[in-house]
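# Descriptive structure summary
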Amino acid sequence: MGHEVHIPITSDADMVPARAQGRALALSLGFSTTDATLIATAISEIARNILVHVGRGQMVMRPVHEGNRRGLVVIARDDGPGIRDVEAALEHGHASRGGLGLGLPGARRLMDEFHVASELHRGTTVTMTKWRIRDELERLREQRRDRG
Amino acid sequence: MPVAIVRQGDYLIASVQSDLSDNEVLRLRDDLAERVGQLRLRGIIIDVGALDVIDSFVARSLRSIAVTARLRGADTVVVGIQPDVAIAMVQFRLNLEPLQAALDLDEALVLLDRSAHGEGEDGA
């Protein structure tokens, strides 16, 4: 099983390992290569968002469990100025500095859950999750393993 | 060097060798724009088969390469987009237009030859 990955986002060079580690963690958690690509792409957008708007931040990726679901959660934090209107920022085509405003809405479409908590002058935290449904076989094997 | 660039006649073939940082993408864009004029190229082929991720920034940069090259008289074709990457681009609603895409180098060369001979503008 995968573990928790911490990645500081301080320059454009940090995005390449952020994408690679997100993909590697997703694959280690049993996600398909397609889902791993969706996750890596969302990570890329969110990391760039931090760099463009704030300049530095922190990313944490880890496995999550909930009933029959297994997933991967990405938490991206920054101490920047915050987003005044989160709803507008999540709307497709919202104009933003240095981009076409595709980052947040695009990342949201790639993930299953997407939440933005922002406080003016305090910073922004983006939490996004992708879920994977375990199939019958995987459940049986896990039960057997748990029984010893 | 993360991008290998070779010239073949009037065409330039740029093969991306590994995942690129944003700065490397911008360098590629500027490099190609410059060479189109210098070498009087008619076409650019960009092989992105090594890219595991094409996000909004890469898509926008590829588009801007195509638009810049077009203004300088060259067509651009992107080849080798991986199936998973294509799925992600659709879900993201990323658009490469007016960029042309082809499955591989051979198809890209046919596309470029065709537009060099003035065909294909109206689907002919």
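A few points on the structure. (Residues numbered from 1 in each chain as written. Chains lettered and ligands numbered in written order. Predicted model: local features only at pLDDT ≥ 70, side-chain atom pairs only at ≥ 80, totals over all residues.)

Quick look at the overall build of chain A now. When its secondary structure is counted, chain A shows 5 helices and 5 strands. Along chain A, helices (α) and strands (β) appear in the sequence β-α-α-β-β-α-α-β-β-α when read from the amino end. Scaling as 2.2 N^0.38, a compact globule of 148 residues should have a C-alpha radius of gyration of about 15 Å, and chain A matches this with 16 Å. The C-alpha extent of chain A, read off along each of the three principal axes, is 55 × 30 × 25 Å. Residues counted as buried form 34% of the 148 residues belonging to chain A. For chain A, the share of sequence-separated contacts (at least 6 apart) that also reach a separation of at least 24 residues comes to 63%. (Helix = DSSP H or I, 4+ residues; strand = E, 2+ residues; numbered from the N terminus. Rg over C-alpha atoms; globule rule 2.2 N^0.38 Å. Buried ≥ 20, exposed ≤ 12 C-beta atoms within 10 Å, placed from the backbone. Contact = placed C-beta atoms within 7 Å.)

With that settled, consider the environment of R19 of chain A. Relative to the helices and strands, R19 of chain A resides in helix α1 (residues 15–28). Considering only alpha carbons, one finds R19 of chain A and I43 of chain A, 24 residues apart in sequence, at a separation of 6.2 Å.

Counting from both sides, the interface comprises 23 residues of chain A and, opposite them, 17 residues of chain B. The set of elements that each furnish at least two residues to the side of chain A that touches chain B consists of α1, α2 (33–53) and α4 (103–110) of chain A. Element by element, the count of residues in the side of chain A that touches chain B is highest for α2 of chain A, at 9 residues.

Residues and elements named next belong to chain A. Here α2 contains 21 residues, and its C-alpha end-to-end distance of 30 Å stays within 8% of the 30 Å for a straight helix at 1.5 Å per residue. Within α2, 17 of the 21 residues are buried, which leaves the element mostly enclosed by the surrounding structure. Looking one or two residues past α2, G55 carries a phi angle of roughly 105 degrees, positive in sign. (Expected span 1.5 Å × (residues − 1).)

With respect to the helices, strands and loops of the structure, P63 of chain A is situated in strand β2 (residues 57–66). In the structure, P63 of chain A is positioned 67 residues away from K130 of chain A in sequence and 9.8 Å away in space, judged by C-alpha atoms.

Moving on, we come to unusual backbone geometry. Residue and element names in this part refer to chain B. Backbone geometry places R40, a non-glycine residue, at a positive phi of 50 degrees. Backbone geometry places R93, a non-glycine residue, at a positive phi of 65 degrees. Relative to the helices and strands, R93 resides in the loop between α3 (83–92) and β5 (100–102).

This next bit is on the packing of helix α1 (residues 22–38) of chain B against helix α2 (residues 56–71) of chain B. Residues and elements named next belong to chain B. In contact at an axis separation of 9 Å, α1 and α2 are set at 10 degrees when each is read in the N-to-C sense. Taken together, the axes of α1 and α2 are roughly parallel relative to one another. In this structure, α1 contributes D22, V25, L26, R29, L32, A33 and V36 to the contact, and α2 contributes F57, V58, S61, S64, I65, T68 and A69. (Axes fitted to C-alpha atoms, helices over the stretch in contact; angles between N-to-C directions. Parallel < 35°, antiparallel > 145°, perpendicular 65-115°, else oblique.)

This brings us to the pairing of β2 of chain A. All names here are of chain A. Both strand β1 (residues 5–9) and β2 contribute to a ladder of 5 bridges, which runs antiparallel. Note that in β2 the partner of I7 across the bridge is M59. Summarising the sheet, β2 and strand β3 (residues 69–78) pair through 9 bridges and their orientation is antiparallel. Note that in β3 the partner of M61 across the bridge is V74. (Pairing = 2+ DSSP bridges.)

If you look at the biggest cluster of nonpolar residues, it comprises 63 residues, and the most contacted ones within it are I39 and A42 of chain A together with I44 of chain B. For this core, the leading source of residues is α2 of chain A, giving 9 residues. Dropping the residues within four chain positions of it, I39 of chain A is found in contact with G22, R23, A26, F31, L72 and K130 of chain A. (Core = buried A, V, L, I, M, F, W, Y, C linked by C-beta atoms within 7 Å.)

All right, on to the sheet that holds strand β2 (residues 11–16) of chain B then. Residue and element names in this part refer to chain B. Ordered in space as β1-β2-β3-β4-β5, the 5 strands form an open sheet in which the pairing is mixed. The outermost strands of the open sheet, each flanked by one partner alone, are β1 (3–8) and β5. Direction aside, the axes of adjacent strands within the sheet are offset by 20 degrees on average. Relative to strand β3 (residues 43–47), β2 runs parallel, the two being bridged by 5 bridges. In the strand pairing of β3, A14 is matched with I46. Along the sheet, α1 makes contact with β1, β2 and β3, crossing β2 at roughly 165 degrees.

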